[in-house]
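# Descriptive structure summary
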Amino acid sequence: ESTGQSDARGALIVLEGLDRSGKTSQSARLLSHLNSLGYAVESWRFPDRDTAVGKMISSYLTNQSQLDDHTIHLLFSANRWEKRSLMEAKLKSGTSLIVDRYSYSGVAFSSAKGLDIEWCKAPEVGLLAPDLVMYLNIPPEKAAERGGYGGERYEQLEFQKSVAKYYEMLSDPSWKIIDACLPLEDVEKQMKEIVLDCVVSCQKGKPLT
Ligand code: DGP
Ligand code: NA
Ligand code: NA
């Protein structure tokens with residue numbers, strides 16, 4: 001594969017799903033797969049807990065601080081905005097990004113708390129649009145059974161059920177819905193094929209939006 005062309009851009013690939021749907025381990029597998037094929041690729045995740053905003057988010061998620069629902073919503077969004085220019089630079093320079101959670105998490109999790117969905121979407125407008133959204137689909141009960149949750153704020157079955165409903169509302173026909181209950185290797189195989197198609201079409205000049 002010719003991956004060194006300076007005019008070829010990278011693909012913005014987003015993984016979404018409930019907590020414990022397997023996004024994080026699939027991200028790692030996709031990263032090493034694309035790397036092994038010679039593609040420039042990085043794995044990112046939101047929230048990015050390393051920034052100053054990310055530290056506030058992390059403290060909230062681990063119940064070390066309390067914040068108004070609107071406030072934390074805007075912090076999650078700000079955390080995406082603070083990475084936007086770097087994201088654009090990476091994509092333009094030909095690096096593909098596999099991103100574990102993005103705006104859809106922002107809207108689904110906050111709407112699940114009862115915030116107005118349109119209000120939740122507003123601060124996301126102007127972030128880069130993904131080239132591909134893969135949704136790891138798992139019944140909330142199944143996710144909860146997977147070695148239990150880690151104990152962070154949102155990792156509760158009833159809440160995750162509500163998040164799932166909002167994801168369903170947000171999904172559109174362009175999303176690739178992956179059955180996350182299948183064995184890890186089967187999920188991986190499906191995702192690799194979808195991701196490779198996307199990376200190749202972006203290299204061929206699909207415009208960045
Ligand atoms: P993770 O690091 O992927 O486990 O995400 C931490 C938790 O935060 C997880 O329960 C999902 C939730 N989350 C991720 N992004 C957002 C967001 O933008 N807004 C809200 N309200 N929650 C989010
Ligand atoms: Na989590
Ligand atoms: Na968006």
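Calculation notes
- Residues numbered from 1 in each chain as written.
- Chains lettered and ligands numbered in written order.
- Predicted model: local features only at pLDDT ≥ 70, side-chain atom pairs only at ≥ 80, totals over all residues.
- Heavy atoms only, no water.
- UniProt positions renumbered as here; feature names shortened; annotations may be inferred.
- Helix = DSSP H or I, 4+ residues; strand = E, 2+ residues; numbered from the N terminus.
- Rg over C-alpha atoms; globule rule 2.2 N^0.38 Å.
- Buried < 20%, exposed > 50% of the residue type's maximum accessible area, 1.4 Å probe, protein only.
- Contact = heavy atoms within 4.5 Å.
- Areas by Shrake-Rupley, 256 points an atom, 1.4 Å probe, with all protein chains shown as cover.
- Lys, Arg positive; Asp, Glu negative; His and termini not counted.
- Charge placed at Lys NZ, Arg CZ, Asp CG, Glu CD.
- Near = heavy atom within 4 Å.
- Polar contact = N/O pair within 3.5 Å; in protein donor to acceptor, adjacent residues only side chain to side chain.
- 1 Å grid on protein atoms, 1.4 Å probe; cavity = no way out; pocket = protein on both sides within 12 Å on 5 of 7 lines; lining within 4 Å.
- Sits in = over half its atoms within 2 Å of the grid points.
- Nonpolar A, V, L, I, M, F, W, Y, C, P; charged D, E, K, R; others polar.
- Axes fitted to C-alpha atoms, helices over the stretch in contact; angles between N-to-C directions.
- Parallel < 35°, antiparallel > 145°, perpendicular 65-115°, else oblique.
- Left-handed = near helix turned anticlockwise from the far one by under 90°.
- Pairing = 2+ DSSP bridges.

Under an unreviewed UniProt entry, the name given to the protein is Thymidylate kinase, and the organism recorded is Lactuca virosa. Recorded in UniProt for the protein, the comment headed Pathway (unreviewed entry) runs: "Pyrimidine metabolism; dTTP biosynthesis." UniProt, in the comment section headed Sequence similarities (unreviewed entry), describes the protein in these words: "Belongs to the thymidylate kinase family."

### Comments concerning the overall build of the protein
The helix and strand tally for the protein stands at nine helices and five strands. Relative to the 2.2 N^0.38 estimate, which gives 17 Å for 209 residues, the radius of gyration of the protein is 17 Å and therefore close to what a compact globule would have. Counting every position in the protein, which comprises 209 residues, the buried fraction comes to 47%. Put simply, 80% of the contacts in the protein that link residues at least 6 apart link residues at least 24 apart. In the structure as shown, the protein presents an accessible area of about 9900 Å², 52% of it carried by carbon and sulfur atoms. Computing the positive centroid from 25 side-chain charges and the negative centroid from 29, the protein places the two 2 Å apart.

### A few points about the site of ligand 1
Taken together, the neighbourhood of ligand 1 is formed by 13 residues, with Asp19, Phe76, Arg80, Arg101 and Gly106 sitting nearest. The separation between an oxygen atom of ligand 1 and a polar side-chain atom of Asp19 is 2.8 Å. Of all the cavities here, the one that holds ligand 1 is the largest pocket. For the shell around ligand 1, the elements supplying multiple residues, two or more each, are helix H3 (69-81) and helix H5 (103-111). Broken down by element, the residue count for the shell around ligand 1 peaks at four residues, all from H5. For the shell around ligand 1, the per-class residue count stands at five nonpolar, three polar and five charged.

### Remarks on the packing of helix H1 (residues 23-36) against helix H9 (residues 184-203)
Working note: a packed helix pair is described by the angle between its axes plus the distance between those axes. Relative to each other, H1 and H9 sit at 50°, their axes nearing to 10 Å. Taken together, H1 and H9 sit at an angle that is classed as oblique. By crossing handedness, the relation of H1 to H9 is classed as right-handed. Each of Gln26, Arg29, Leu30, His33 and Leu34 in H1 lies in contact with H9, whose residues at this interface are Leu184, Glu185, Val187, Glu188, Met191, Lys192, Val195, Leu196 and Val199.

### Things to note about the sheet that holds strand S5 (residues 176-179)
If you walk across this open sheet you meet the five strands as S2-S3-S1-S4-S5, and the pairing is parallel. Looking at the sheet topology across the chains shown, the edges are occupied by strand S2 (41-45) and S5. In this sheet, adjacent strand axes meet at a mean angle of 20° when their direction is disregarded. Judged from the four bridges that link them, strand S1 (residues 12-17) and strand S3 (residues 96-100) form a sheet pairing that is parallel. By the bridge assignment, Val14 is partnered in S3 with Val99. Together, S1, S3, strand S4 (132-137) and S5 form the strand contacts of H9, whose direction differs from that of S4 by roughly 170°.

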